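Structural features, examined
Listed below are the residues making up each chain.
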Amino acid sequence: AIRRQRQMCIRDRYTNGQFRCAECRKLFRILTGTVYSGIRLPLRKIFMAMYVLSVKTDMSARALAAMIEVNRRSAGKLRRKFNELYNHEGSNEG
């Protein structure tokens, strides 16, 4: 008899955007394990901020907040995370 292998991740429709691991049954989000894991914003806003900050790196948090329509604290956190990622990757190229 051929057994079907279980999928690594199953989408659980009752967990509001979270996934459940088929092996350990723990819940996780799509950003788990990334630099942006602590940010509770829609992916669309995170990607928009990444694009804007890659084009104009010296943008203030207030200007970024107005552009992507989030509050200033969220924009500042996104900006710090992006700079952390960018500076970390830039230091490896040397």
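Our subject in this report is the structure included herewith. Please read these numbers as outputs of a predicted model, since none were measured by experiment. (Residues numbered from 1 in each chain as written. Predicted model: local features only at pLDDT ≥ 70, side-chain atom pairs only at ≥ 80, totals over all residues. Heavy atoms only, no water.)

Below, the discussion takes up helix α1 (residues 43-55). The terminal C-alpha atoms of α1 lie 18 Å apart, and with 13 residues this matches the ideal 18 Å at 1.5 Å per residue to within 8%. The complete set of buried residues in α1 reads Ile46, Ala49, Val52 and Leu53. Down the axis of α1, the sector holding all buried residues measures 130 degrees, keeping them to one side. Counted as exposed and oriented over 90 degrees from the buried face of α1: Arg44, Tyr51 and Val55. (Helix = DSSP H or I, 4+ residues; strand = E, 2+ residues; numbered from the N terminus. Expected span 1.5 Å × (residues − 1). Buried < 20%, exposed > 50% of the residue type's maximum accessible area, 1.4 Å probe, protein only. Arc of directions from axis to C-beta.)

Turning next to a positive patch on the surface. A cluster of basic side chains, namely Arg62, Arg72, Arg73, Lys77 and Arg80, defines a positive patch on the protein surface. The element best represented in the positive patch is helix α3 (residues 72-93), accounting for four residues. Within the secondary structure, Arg80 sits in helix α3. (Patch = residues over 30% accessible without salt bridge, like charges linked within 9 Å, V, L, I, M, F, W, Y side chains within 5 Å. Areas by Shrake-Rupley, 256 points an atom, 1.4 Å probe, with all protein chains shown as cover. Salt bridge = Lys/Arg side-chain N within 4 Å of Asp/Glu carboxyl O. Lys, Arg positive; Asp, Glu negative; His and termini not counted. Charge placed at Lys NZ, Arg CZ, Asp CG, Glu CD.)

Here we come to the packing of α1 against helix α2 (residues 61-68). One can describe the packing of α1 onto α2 by two numbers: an axis separation of 10 Å at closest approach and a directional angle of 130 degrees. With respect to their mutual orientation, α1 and α2 come out oblique. The two elements α1 and α2 meet at a crossing, and its hand is right-handed. Counted together, Lys45, Met48, Ala49, Val52 and Leu53 of α1 and Leu64, Met67 and Ile68 of α2 form the full contact between these two elements. Here the contact of α1 with α2 is built from residues that sort into seven nonpolar, no polar and one charged. (Axes fitted to C-alpha atoms, helices over the stretch in contact; angles between N-to-C directions. Parallel < 35°, antiparallel > 145°, perpendicular 65-115°, else oblique. Left-handed = near helix turned anticlockwise from the far one by under 90°. Contact = heavy atoms within 4.5 Å. Nonpolar A, V, L, I, M, F, W, Y, C, P; charged D, E, K, R; others polar.)

The next subject is the nonpolar core. By size, the foremost hydrophobic cluster in this structure holds 15 residues, and its most contacted members are Tyr36, Ile46, Leu64, Ile68 and Leu78. For this core, the elements supplying multiple residues, two or more each, are α1, α2 and α3. Ranked by residues supplied to this core, first place goes to α1 with four residues. Ignoring anything within four residues of it in the chain, the contact list for Tyr36 reads Leu31, Ile46, Met50, Leu78, Lys81, Phe82 and Leu85. (Core = buried A, V, L, I, M, F, W, Y, C linked by side-chain atoms within 4.5 Å.)

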